[in-house]
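As a plain string of letters, each chain reads:
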Amino acid sequence: IRQDRLEEAARVLRRALELDPMLVGGRRRLGLVLDRLGDRDGARQAFEAALGAMPNDGAAELLLGRLLLDQARVEEALPHLERACKLDSRSASAFYALAQAQSRLGQSEASRETLRRFRN
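Residues numbered from 1 in each chain as written. Predicted model: local features only at pLDDT ≥ 70, side-chain atom pairs only at ≥ 80, totals over all residues. Heavy atoms only, no water.

## A word on the nonpolar core
The biggest cluster of nonpolar side chains holds 30 residues, and the ones touching the most others in it are Leu30, Val33, Leu62, Leu69, Leu81 and Ala101. When contributions to this core are tallied by element, the ones reaching two or more residues are α1 (6–19), α2 (26–36), α3 (40–53), α4 (58–70), α5 (74–87) and α6 (92–104). (Core = buried A, V, L, I, M, F, W, Y, C linked by side-chain atoms within 4.5 Å. Buried < 20%, exposed > 50% of the residue type's maximum accessible area, 1.4 Å probe, protein only. Helix = DSSP H or I, 4+ residues; strand = E, 2+ residues; numbered from the N terminus.)

## Observations concerning the pattern of salt bridges
In the structure shown here, the tally under the stated rule is 11 salt bridges. Asp35 serves as the salt-bridge partner of Arg40, at 2.6 Å between the closest nitrogen and oxygen. The class for Asp35 is partly exposed, based on a relative accessible area of 23%. For Arg112, the salt bridge is made with Glu109, and the minimal N-O distance between the two is 3.0 Å. (Salt bridge = Lys/Arg side-chain N within 4 Å of Asp/Glu carboxyl O.)

## Topic: the environment of Arg40
Here Arg40 lies in helix α3. Taking the relative accessible area as the measure of exposure, Arg40 reaches 31% and is therefore partly exposed. With 28 residues separating them in the primary sequence, Arg40 and Leu68 have C-alpha atoms 9.2 Å apart. When neighbours within four sequence positions are excluded, Arg40 is seen to be in contact with Asp35, Leu67, Asp70 and Gln71. (Contact = heavy atoms within 4.5 Å.)

## Here we look at the side chain of Gln102
In this fold, Gln102 is placed in helix α6. Residue contacts for Gln102: discarding those within four places in its chain leaves Leu78, Gln107, Ala110, Ser111 and Thr114.

Here's what the structure looks like:
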């Protein structure tokens, strides 16, 4: 991944997950690689699989929510971003993404409150 050999990274991650389906962070990394390759559906499936394996994975919730937000699927993104904030109350990225989603949904007061909660 660091060498930007993304197609090879995707193959290696898929193989690693075949060998060890519970590989910590494997599905998240695969989702990130697939997203960078432009395979949004594959990335979504990888993030959802990560959450299936580890339901309390705040990073996977954030990544899935962010992916959906980037695709303008804001209502679908919202619960993932809310959960990401609950699971990791120190994640600036999660709170910022949640505030963006709330703002896009016309929830201006909720968006301001989300930013206020994080700052305190």
